[in-house]
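Coordinates in review
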Amino acid sequence: MTEKLLSEITTAQVGGPARTYIRATTEAEIVEAVSSADAANEPVLIVGGGSNLLVSDAGFDGTVVHIASTGVEELPIPACGGANVRVQAGTVWDDFVQLSIEKEWSGPAALSGIPGTVGATPVQNVGAYGVEVSEFIASVRTWDRQINQFKTFANADLRFGYRDSILKQNMVNGSPRYVVLTVDFQFTLGSLSSPIKYGELAKSLGVQVGKRAESALVRDKVLALRASKGMVLDGTDHDTWSAGSFFTNPILTTAEAERLPADAPRFPVTDHSQVVLGTKEAPVVEGLVKTSAAWLIDHAGFTKGFTVEAGAPAGLSTKHVLALTNRGGATGADLARLRDTVVAGVRERYGITLVPEPVQVGF
C-alpha cells in the first residue's frame, strides 16, 4: 500500500492522488483488496492499464485497486475444437494479441495496438476495424461485490452491445459491481484473420472487403494505421497522451440520420452479441444508423490540433480529432474544458450530443 498519483498510472497522465493505492498481482489479492475496502465502506476505483480513464485533479478519495495479475493458461480443448484460453485480468491486451498470432488463434489481429489490459476488454466490449472482443469471449469470471461471491458470466449473459456490456452497465464512476478476474476466450485455429470488414484496412492489405489475410500481416498493418492516428502509446509523442478515442460513434434512428448533411458518413449498425467464435456475420439492426464522431467533430470546426485557446496544455491530437490529448502539463480540468467545448460545438451544429467513451472519475 503506497501513495500514488493517478496521473502516474493513466495514459492521459492526469489525475490527482489516491487516498489508498493497492497493486494487486493475484486473484486472491484483488478480492482481498476490494473486499477489505467494501467492508470499511471505502469507495473503490478499479484501474487496469489506465487507458480508458479521465480522473479529476482532486484524485480519488478512496481505495484504488490496480489490477496487475498476469498469465495465460490453455484449457482443455472444447468439443467444437479450436483453442480454449484463460487469461488473467491484468495481462496486457496487446501482448495477448501478439501471442494469439504466434499460437495461430484466429480472430483478434485487428484489435492489435489497443492499450489496456485483458480484464477491461469485456467491460467496454472493445472493438476496432469491424471486430469486437465479444466475438471470442466464452466467459468472464468476476467478484460480485454486492453479494461477496464469485460469479461467472457466459457470453450470452454479458449483454454485449456497442462499447457496452452488463459489466459496464453496473459501474458507477469507475466503481464496478463486478470486478473482472479472468477472461476465457475461444478461438478457431489458423494463420488467417477473420474476414476484413473495414475498407481502409482492406486497402492497406491489398485485399477486398470480406476476404481474409495472414494474421501477422493484419497486425502489422493495424499497428501502422493506429500509429498514424496517434493511437499506439509512445511516451515521446504527446498525441498518444490520451484516453484513446474519446467519443463513441453516435447511433441514430433513420429519421435522425436523414437530418445530417448528405456527405456525412452512414454505417449499418450490427449486433455483434450474436457472433460468437466468428461463426457468422453480425446481423444488421434495422432502423438504426451509425455515423462518425470524428466527422462530426471535424465538420463542426474542431480540426486536428485544436485547443480552446492558444498555448493551452490540452488539445485535440494533431493526427486524429477523436483523441483529447495532454500536450504536457495538462490537468484533468484542462481536458474536461476541451471535452465540454467539443460536445457543445457538435450539439450546436448538428443537434447530436457526443457520448464520452472513457470512464470519468470526479467530474
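For the structure itself, consult the block above.
Anyway, here's the lowdown on the structure attached to this text. Starting from 1, residues in each chain are numbered consecutively following that chain's sequence as written. Local features in a predicted model are, by the rule used here, given only for residues with pLDDT of at least 70; side-chain atom pairs are given and counted only at 80 or more, and totals for whole chains, interfaces and linings are based on all residues. The side-chain numbers reported here are obtained from all heavy atoms of the structure, hydrogens and water having been left aside.

On to the overall build of the protein chain. Secondary structure is summarised from DSSP: a helix means a run of H or I of at least four residues, a strand means a run of E of at least two, and numbering begins at the N terminus for each. A tally of regular secondary structure across the protein chain gives 9 helices and 22 strands. Only the C-alpha atoms count toward the radius of gyration. The rule for a globule is 2.2 Å times the residue count to the power 0.38. For 363 residues, the compact-globule estimate of 2.2 N^0.38 gives 21 Å, and the protein chain sits close to it at 20 Å. Principal axes of the C-alpha set define a box for the protein chain whose edges measure 50 × 50 × 40 Å. Residues classed as buried in the protein chain amount to 54% of the 363 residues present. Residues are treated as being in contact if the distance between any of their heavy atoms lies within 4.5 Å. Residue pairs in contact within the protein chain that sit at least 24 positions apart in sequence constitute 62% of those at least 6 positions apart. Of the roughly 15,600 Å² of accessible surface on the protein chain, 51% is carried by carbon and sulfur atoms. For the protein chain, the distance from the average position of its 31 positive side-chain charges to the average position of its 39 negative side-chain charges is 4 Å. The buried label applies to any residue whose accessible area, calculated with a 1.4 Å probe on protein chains only, is under 20% of its type's maximum; exposed applies above 50%, and partly exposed to all values in between. For every accessible area listed, the method is Shrake-Rupley and the probe measures 1.4 Å; residues are considered covered only by the protein chains on display. Within this scheme the basic residues Lys and Arg register as positive and the acidic residues Asp and Glu register as negative, but His and the chain ends are omitted. Taken as the charge location is NZ of Lys, CZ of Arg, CG of Asp or CD of Glu.

This part is about the nonpolar core. Membership of the largest hydrophobic core comes to 54 residues, with the highest contact counts inside it found for Trp 93, Phe 96, Leu 167 and Phe 185. Residue contributions to this core peak at 7 residues, all from strand S15 (residues 178-189). Ignoring anything within four residues of it in the chain, the contact list for Trp 93 reads Pro 108, Leu 111, Ile 114, Gly 116, Thr 117, Val 118, Thr 121, Val 133 and Phe 185. Listed in part, the 32 residues of the second largest apolar core include Ala 293, Ala 294, Ala 314 and Val 346. Throughout, nonpolar core names a set of buried Ala, Val, Leu, Ile, Met, Phe, Trp, Tyr and Cys residues whose side chains join them through atoms within 4.5 Å.

Attention now goes to the pattern of salt bridges. Every case where a carboxyl oxygen of Asp or Glu lies within 4 Å of a side-chain nitrogen of Lys or Arg is listed as a salt bridge. Evaluation of the coordinates by the stated rule reveals 17 salt bridges. In this structure, Asp 94 engages Arg 219 in a salt bridge whose closest nitrogen and oxygen atoms are separated by 2.9 Å. Placement of the pair is Asp 94 in helix H2 (residues 93-102) and Arg 219 in helix H6 (residues 215-228), with a sequence separation of 125 residues. Residue class for Asp 94 comes out buried when judged on its relative accessible area of 18%. A salt bridge links Glu 135 to Lys 197; its shortest N-O distance comes to 3.8 Å. Here the residue Glu 135 occupies a position in the loop between strand S10 (131-132) and strand S11 (137-144), and Lys 197 occupies one in the loop between S15 and helix H5 (199-205), the gap between them amounting to 62 residues.

Once that is clear, we can look at the sheet that holds strand S21 (residues 323-326). By definition, two strands form a pair when at least two bridges between them are found by DSSP. On the basis of which strands lie adjacent, the open sheet formed by 3 strands has the order S16-S21-S20 and antiparallel pairing. Each edge of the open sheet is held by one strand with a lone partner, namely strand S16 (242-245) and strand S20 (314-316). Going across the sheet, the axis of each strand differs from the next one's by a mean of 25°, ignoring polarity. Two elements, S16 and S21, share 2 bridges in a ladder whose sense is antiparallel. Looking at the pairing, Ser 245 lines up with Ala 323 of S21. For every element, the axis is a line fit to its C-alpha atoms; helices are fit only across the contacting stretch, and the angle between N-to-C directions ranges from 0 to 180 degrees.

Time to look at unusual backbone geometry. In the Ramachandran plot, Asn 125 falls in the positive-phi region, its phi being about 45° despite a non-glycine side chain. Positive phi outside glycine occurs at Arg 163, with the angle close to 50°. Checked against the element boundaries, Arg 163 lands in the loop between strand S12 (149-154) and helix H4 (166-169). Arg 163 sits in the buried class, given a relative accessible area of 12%.

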